[in-house]
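Understanding the architecture of this molecule
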Amino acid sequence: MTNMISQPAFLPAPAQAVPFTAWSQPLALPESVPNTQPTVSFADLLSQSLDATNGQQQQMHSQIAGSLTGSDLSMVETFSAAREADLALKLTLQIRNKLIEAYREIQNLQL
């Protein structure tokens, strides 16, 4: 009986060692990937995000009003809409806070 442990048959064989020279070559983009600038600006993304948050707030208000007037909405749907709108508003506020913090940090840079 030997003390040698063999590799189980279901595991693949160890890969061959790759020479270091292959690692030192720069990576190139595949030719199918075009080198283009993004088509949507940051201001557009921010505006779309604010519009989406505003839409969720309006939907929440209409569902709450409908729930109070006796429409066919369950309390779970109403609370779910309120929670989604609350999370969207908190996220928007955090983004605003980070933007203000970055702006102040840029102002304090010494040139």
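Cut-offs used in this document
Residues numbered from 1 in each chain as written. Predicted model: local features only at pLDDT ≥ 70, side-chain atom pairs only at ≥ 80, totals over all residues. Heavy atoms only, no water. UniProt positions renumbered as here; feature names shortened; annotations may be inferred. Helix = DSSP H or I, 4+ residues; strand = E, 2+ residues; numbered from the N terminus. Buried < 20%, exposed > 50% of the residue type's maximum accessible area, 1.4 Å probe, protein only. Contact = heavy atoms within 4.5 Å. Polar contact = N/O pair within 3.5 Å; in protein donor to acceptor, adjacent residues only side chain to side chain.

The protein chain has the name Flagellar hook-basal body complex protein FliE in an unreviewed UniProt entry, where Planctopirus ephydatiae is given as its organism. A UniProt comment under Sequence similarities (unreviewed entry) is attached to the protein chain, and it reads "Belongs to the FliE family." Quoted verbatim from the Subcellular location (unreviewed entry) field of the UniProt record, the comment on the protein chain reads "Bacterial flagellum basal body".

Take the environment of Thr 53 next. Its place among the elements puts Thr 53 in helix α2 (residues 42-68). Here Thr 53 falls in the buried class, since its relative accessible area comes to 9%. Measuring from C-alpha to C-alpha, the distance between Thr 53 and Glu 84 comes to 9.4 Å, with 31 residues separating the pair along the chain. Look past the residues within four positions of Thr 53 in its chain and what remains in contact with it is Ala 88, Leu 89 and Thr 92. Among the polar contacts made by the side chain of Thr 53, one reaches the side chain of Thr 92 at a distance of 3.0 Å.

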